[in-house]
Amino acid sequence: MLRRLTLAIAYFVASVYILSIVWPSIYCLQHGCRGPEGDAFMPAFFLTPYGAVATAFSLHNSIQQIRKRHSWSWVFWPLAIIFAIVLLAAIAFIALLIYQLTFHRK
């Protein structure tokens with residue numbers, strides 16, 4: 001029971017994290033973001049540590065479900081691809097942030 005609850009919470013946090021990146025991105029693509037409009041991404045920046053961990057748990061669970069080879073395992077392939085892309089982007093963002101904070105001091 002606790003494992004299912006943990007997975008449900010991980011999937012929920014990962015979904016909120018992904019949507020907090022996608023919705024402002026769609027808005028910026030449609031209207032063009034300039035200046036303070038980039039603040040729409042602040043919830044995604046705030047959720048990066050939690051979103052990355054939840055996405056990693058969700059990706060692990062998706063891969064485990066694919067390995068079981070049930071008749072409905074195909075549902076987890078798109079989820080695994082999305083979670084992997086988001087996880088790689090979160091890792092790249094954190095690495096870029098560390099690089100910028102370390103080597104670009106004034």
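Residues numbered from 1 in each chain as written. Predicted model: local features only at pLDDT ≥ 70, side-chain atom pairs only at ≥ 80, totals over all residues. Heavy atoms only, no water.

Position of Ser58 among the secondary structure elements: in helix α3 (residues 48-67). A relative accessible area of 0% means that Ser58 is categorised as buried. One polar contact links the side chain of Ser58 to the main-chain carbonyl oxygen of Ala10, over a distance of 3.4 Å. Here Ala54 takes part through its backbone oxygen, which lies 2.9 Å from a polar atom of the side chain of Ser58. Contact partners of Ser58, with chain neighbours within four places excluded, come to Ala10, Tyr11, Ala14 and Phe83. (Helix = DSSP H or I, 4+ residues; strand = E, 2+ residues; numbered from the N terminus. Buried < 20%, exposed > 50% of the residue type's maximum accessible area, 1.4 Å probe, protein only. Polar contact = N/O pair within 3.5 Å; in protein donor to acceptor, adjacent residues only side chain to side chain. Contact = heavy atoms within 4.5 Å.)

So, about the environment of Ala54. For Ala54, the location among the structural elements is in helix α3. When its relative accessible area of 6% is taken as the criterion, Ala54 is described as buried. For the pair Ala54 and Leu29, spaced 25 residues apart in sequence, the C-alpha to C-alpha distance is 27 Å. Aside from chain neighbours lying at most four places away, what touches Ala54 is Ala10, Val13 and Ala14.

With that settled, consider the nonpolar core. Core analysis: the biggest nonpolar cluster contains 16 residues, and Tyr17, Leu59 and Phe83 have the highest contact counts within it. The biggest single contributor to this core is helix α4 (residues 76-103), with six residues. Excluding anything up to four places from it in sequence, Phe83 contacts Tyr11, Ala14, Ile18, Thr55, Ser58, Leu59 and Ser62. (Core = buried A, V, L, I, M, F, W, Y, C linked by side-chain atoms within 4.5 Å.)

This paragraph deals with the confidence of the model for the chain. The pLDDT averaged across the chain works out to 81; a share of 93% of its residues lies at or above 70. By mean pLDDT, helix α2 (residues 42-46) is the weakest element of the chain at 75, and α3 is the strongest at 85. (pLDDT = per-residue confidence, 0-100.)

So, about the layout of surface pockets. The space that makes up the largest pocket amounts to roughly 190 Å³. Considering the residues around the largest pocket, the lining is formed by 14 residues, among which Tyr17, Ile21, Val86, Ala89 and Ala90 are closest to the centre. Those elements that provide at least two residues to the lining of the largest pocket are α1 (2-31), α2 and α4. For the lining of the largest pocket, the element with the highest residue contribution is α4, accounting for six residues. (1 Å grid on protein atoms, 1.4 Å probe; cavity = no way out; pocket = protein on both sides within 12 Å on 5 of 7 lines; lining within 4 Å. Points joined across faces, edges and corners; volume = space filled by probe spheres on them.)

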